[in-house]
Amino acid sequence: MVLIISEENERTTDEVAQWLLNSNVSFLRINKEDNLKIISVSPSSAKALVEVKGAVYDLNAFDAVWYRRGYFSPSCVRSALAEFSSDPSKQNQIGRFFNHEW
């Protein structure tokens, strides 16, 4: 399965998605406008679960990723920080790191 990260109404991505459909290749397209929620991240079990478009996906289950514009909103990380650590200073540290990366 292919993960596509893009924007809504991005012509090139639309064309690639149509080609994948015509070629019977499974894919998930996540646009920056989509509501993405981090469910869990577990380095020890190599799982990163996210919810998008009403379904849960393990990001490690994708065979390929194609990035064409867009991004995952920093808000999806901020909303998940409380689940990773109850320490507010650790949450701030992680939040600053992700904001810097974005």
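Residues numbered from 1 in each chain as written. Predicted model: local features only at pLDDT ≥ 70, side-chain atom pairs only at ≥ 80, totals over all residues. Heavy atoms only, no water.

Caption draft 1: Summary view of unusual backbone geometry. The backbone phi angle of Asn24 is positive, close to 55°, even though this residue is not glycine. Within the element layout of this structure, Asn24 appears in the loop between helix H1 (11-22) and strand E2 (27-31). Residue Lys53 is not a glycine yet carries a positive backbone phi of 55°. Assignment of secondary structure puts Lys53 in the loop between strand E4 (47-52) and strand E5 (55-58). (Helix = DSSP H or I, 4+ residues; strand = E, 2+ residues; numbered from the N terminus.)

Caption draft 2: Region of the structure containing the side chain of Thr13. Positionally, Thr13 belongs in helix H1. A distance of 2.7 Å separates the side chain of Thr13 from the side chain of Ser6, its partner in a polar contact. Residues within four places of Thr13 in sequence aside, it is in contact with Ile4, Ser6, Arg29, Trp66 and Arg68. (Polar contact = N/O pair within 3.5 Å; in protein donor to acceptor, adjacent residues only side chain to side chain. Contact = heavy atoms within 4.5 Å.)

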